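Each chain, letter by letter, is given below.
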Amino acid sequence: MESIIEFKDVSKEFEGNVVLKDLNFSVKKGEIFVLVGPSGSGKTTSLKMINGLIEPTDGNLYFKNKRIKDYNIQKLRWQIGYVLQQIALFPTMSVKENIEVIPDMLGWDKERRNKRVDELLKEVDMEPEQFRDRMPSELSGGQQQRIGIIRALASEPDIVLMDEPFSALDPISRASLQDLVLELHQKLGNTIIFVTHNMKEAMKIGSRIAVMHEGKLIQCDTPEEIQKNPANRFVEEFFDETTDEVYTQTLEVLYNGGFYQRTITDFNLQSLTMDTSLSEVFDLLAEKEAFIIERDGKPIGLINRSDVFRFLSQEG
Ligand SMILES: Nc1ncnc2c1ncn2[C@@H]1O[C@H](COP(=O)(O)OP(=O)(O)O)[C@@H](O)[C@H]1O
Ligand SMILES: [Mg+2]
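Everything quoted here is computed from the prediction, not taken from an experiment.

Caption draft 1: Representation of the overall build of the protein chain in the model. Of regular secondary structure, the protein chain possesses 14 helices and 13 strands. Buried residues in the protein chain amount to 49% of all 316 residues. For the protein chain, long-range pairs separated by at least 24 residues make up 66% of all intrachain contacts whose partners lie at least 6 apart in sequence.

If you want it as structure tokens, here you go:
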């Protein structure tokens with residue numbers, strides 16, 4: 001299949017820190033390509049290079065066989081939809097105005113814009129009459145992110161970039177939006193590049209998955225192949241991780257039950273508190289072996305990953 005995006009020996013340094021190292025991969029036209037990896041592995045940086053928000057320090061990126069840096073960056077961005085984690089609708093604009101931002105910039109006339117807005121709202125089961133003129137604050141988080149998705153699709157872009165679009169949502173909204181993305185993709189057949197730190201989400205959504213770790217591409221293949229033949233221990237262990245909700249519940253029980261309290265000898269370890277956000281807990285446990293648990297600003301115990309797994313398997 002024809003490739004639409006290509007990374008060739010792409011590296012990136014920020015102030016002397018290497019955050020991406022010799023990335024080589026291509027995204028095929030019409031696939032859902034998932035970049036998955038723990039927090040800090042370089043997913044967002046890679047994604048931002050595709051629409052020219054960040055330039056590589058070394059190597060080149062290609063869009064339709066032409067170097068990204070040789071495009072008029074404004075015009076390029078009109079061909080690329082972008083959905084962010086923070087839902088990021090314009091708060092003072094109605095649903096309709098949010099959806100038609102790009103079509104408007106592209107000069108679509110009013111009738112064509114109205115038609116498109118209604119068509120897209122129906123596509124995500126939001127009755128146009130009812131929702132068109134609402135403000136973002138009058139929608140639930142899940143509904144707002146539906147609008148975020150159709151806003152990115154409004155001008156029929158060649159590619160849609162999605163950066164952890166569902167990680168701030170509750171599990172039910174998240175599952176239904178994953179289904180929605182799959183459904184829209186089947187209908188529209190556009191190319192989607194989807195970033196997540198959640199391997200389960202990657203497996204559900206991806207046509208192909210690129211696993212990243214510390215700025216390197218560890219493995220790039222179909223979900224089936226990655227599951228069957230993980231390239232190394234990192235990939236294998238990444239599968240074993242469970243969802244953030246489960247971790248948080250676990251921490252709660254560990255706190256309240258006084259489980260696994262140990263003498264803390266290493267004060268360089270990172271701390272977790274009950275205020276640590278769900279996705280942060282998940283990220284941290286994916287990356288580090290052990291943590292200090294704090295309550296009321298005082299360290300109360302030490303927990304490591306095997307504690308969590310042991311605890312989860314006891315819970316059955
Ligand atoms: N503008 C920047 N300046 C300096 N360091 C950055 C900048 N953007 C990202 N980084 C660093 O690059 C690494 C990769 O970040 P990022 O691509 O955001 O990872 P991910 O999206 O996988 O969590 C991190 O260590 C991050 O701190
Ligand atoms: Mg990121």
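Caption draft 2: Structural context of unusual backbone geometry. In this model, aspartate 22 sits at a positive phi of 45 degrees, which is unusual for a non-glycine residue. The residue aspartate 22 is located in strand E2 (residues 17-28) in this model.

Caption draft 3: Quick peek at the nonpolar core. If you look at the biggest cluster of nonpolar residues, it comprises 40 residues, and the most contacted ones within it are Ile99, Ile147 and Ile149. Looking at which element gives the most residues to this core, the answer is helix H7 (residues 141-153), with five residues. The residues contacting isoleucine 147, other than those within four sequence positions of it, are Leu89, Val95, Ile99, Leu121, Met126 and Leu139. The next biggest cluster of nonpolar side chains, apart from the first, holds 26 residues, and it includes Phe25, Tyr71, Ile159 and Ile193.

Caption draft 4: Region of interest: the pattern of salt bridges. As enumerated under the stated definition, the model contains 16 salt bridges in all. The closest approach of N and O atoms between lysine 187 and glutamate 123, which form a salt bridge, is 2.4 Å. Of this pair, lysine 187 sits in helix H8 (residues 171-188) while glutamate 123 sits in helix H5 (residues 110-123); the two residues are 64 residues apart in sequence, bridging distant segments of the chain. Exposure remark for lysine 187: the relative accessible area of 53% places this residue in the exposed category. A network of salt bridges, in which partner residues are shared, links Lys96, Glu100, Asp104 and Arg113.

Caption draft 5: Summary view of the sheet that holds strand E10 (residues 216-221). Taken in spatial order, the six strands line up as E6-E7-E8-E3-E9-E10 in an open sheet, and their pairing is mixed. Each having just a single partner strand, strand E6 (80-83) and E10 make up the two edges of the open sheet. On average, each strand axis in the sheet is tilted by 15 degrees relative to the strand beside it, whichever way the strands run. Two strands pair when backbone bridges link them, and strand E7 (residues 159-163) and strand E8 (residues 191-196) are joined in this way by five bridges, in the parallel orientation. Counted as the bridge partner of aspartate 163 is valine 195 from E8.

Caption draft 6: Geometry of the confidence of the model for the protein chain. Taken as a whole, the protein chain shows an average pLDDT of 83; of its residues, 75% reach a score of 70 or greater. Across residues 242-249, where pLDDT falls below 50, the model places 20 contacts with residues more than four positions away in sequence or in other chains. This stretch, residues 257-267, has a pLDDT under 50; its non-local contacts, to residues over four places away or in other chains, come to 22 contacts.

Caption draft 7: Here's a closer look at helix H1 (residues 43-50). Here H1 lies mainly inside the structure; six of its eight residues are buried. Where H1 is concerned, the buried positions are Lys43, Thr45, Ser46, Leu47, Met49 and Ile50. Once H1 finishes, glycine 52 follows within two positions and takes phi at roughly 75 degrees, a positive value.

Caption draft 8: Main features of H7. Compared with the 18 Å implied by 1.5 Å per residue over 13 residues, the 19 Å span of H7 between its first and last C-alpha is a close match. The buried count for H7 comes to eleven of 13 residues, which makes it a mostly enclosed element. For H7, the complete set of buried residues consists of Gly142, Gln144, Gln145, Arg146, Ile147, Gly148, Ile149, Ile150, Arg151, Ala152 and Leu153.

Caption draft 9: Region of interest: the site of ligand 1. Looking at ligand 1, the residues that line it are Phe14, Val19, Pro38, Ser39, Gly40, Ser41, Gly42, Lys43, Thr44 and Thr45. Measuring from an oxygen atom of ligand 1, one finds a side-chain N or O atom of lysine 43 at 2.8 Å. Here an oxygen atom of ligand 1 and a side-chain polar atom of threonine 45 are 2.5 Å apart. At three residues, the largest contribution of residues to the shell around ligand 1 is made by H1.

Caption draft 10: Highlighting the pairing of E8. The buried fraction of E8 is high, at six of six residues. Of the two faces of E8, the one holding Thr191, Ile193 and Val195 and the one holding Ile192, Phe194 and Thr196 are both buried throughout. Across five bridges, the pairing between strand E3 (residues 32-36) and E8 is parallel. The partner of isoleucine 32 across the bridge, within E8, is isoleucine 192. Once you follow E7 into H8 and on to E8, the crossover reads as right-handed.

Caption draft 11: Examining the sheet that holds strand E5 (residues 66-67) more closely. The strand order across the open sheet built from four strands is E2-E1-E4-E5, with neighbouring strands paired in antiparallel fashion. The strands lining the two open edges of the sheet, one partner per strand, are E2 and E5. Judged from the five bridges that link them, strand E1 (residues 3-14) and strand E4 (residues 58-63) form a sheet pairing that is antiparallel. Bridge pairing in E4 links isoleucine 5 to phenylalanine 63. Across the sheet, H1 touches E1, E2 and E4, and the angle it forms with E1 is around 125 degrees.

Calculation criteria
- Residues numbered from 1 in each chain as written.
- Chains lettered and ligands numbered in written order.
- Predicted model: local features only at pLDDT ≥ 70, side-chain atom pairs only at ≥ 80, totals over all residues.
- Heavy atoms only, no water.
- Helix = DSSP H or I, 4+ residues; strand = E, 2+ residues; numbered from the N terminus.
- Buried < 20%, exposed > 50% of the residue type's maximum accessible area, 1.4 Å probe, protein only.
- Contact = heavy atoms within 4.5 Å.
- Core = buried A, V, L, I, M, F, W, Y, C linked by side-chain atoms within 4.5 Å.
- Salt bridge = Lys/Arg side-chain N within 4 Å of Asp/Glu carboxyl O.
- Pairing = 2+ DSSP bridges.
- Axes fitted to C-alpha atoms, helices over the stretch in contact; angles between N-to-C directions.
- pLDDT = per-residue confidence, 0-100.
- Expected span 1.5 Å × (residues − 1).
- Near = heavy atom within 4 Å.
- Polar contact = N/O pair within 3.5 Å; in protein donor to acceptor, adjacent residues only side chain to side chain.
- Right-handed = clockwise from strand over helix to strand, strands pointing away.

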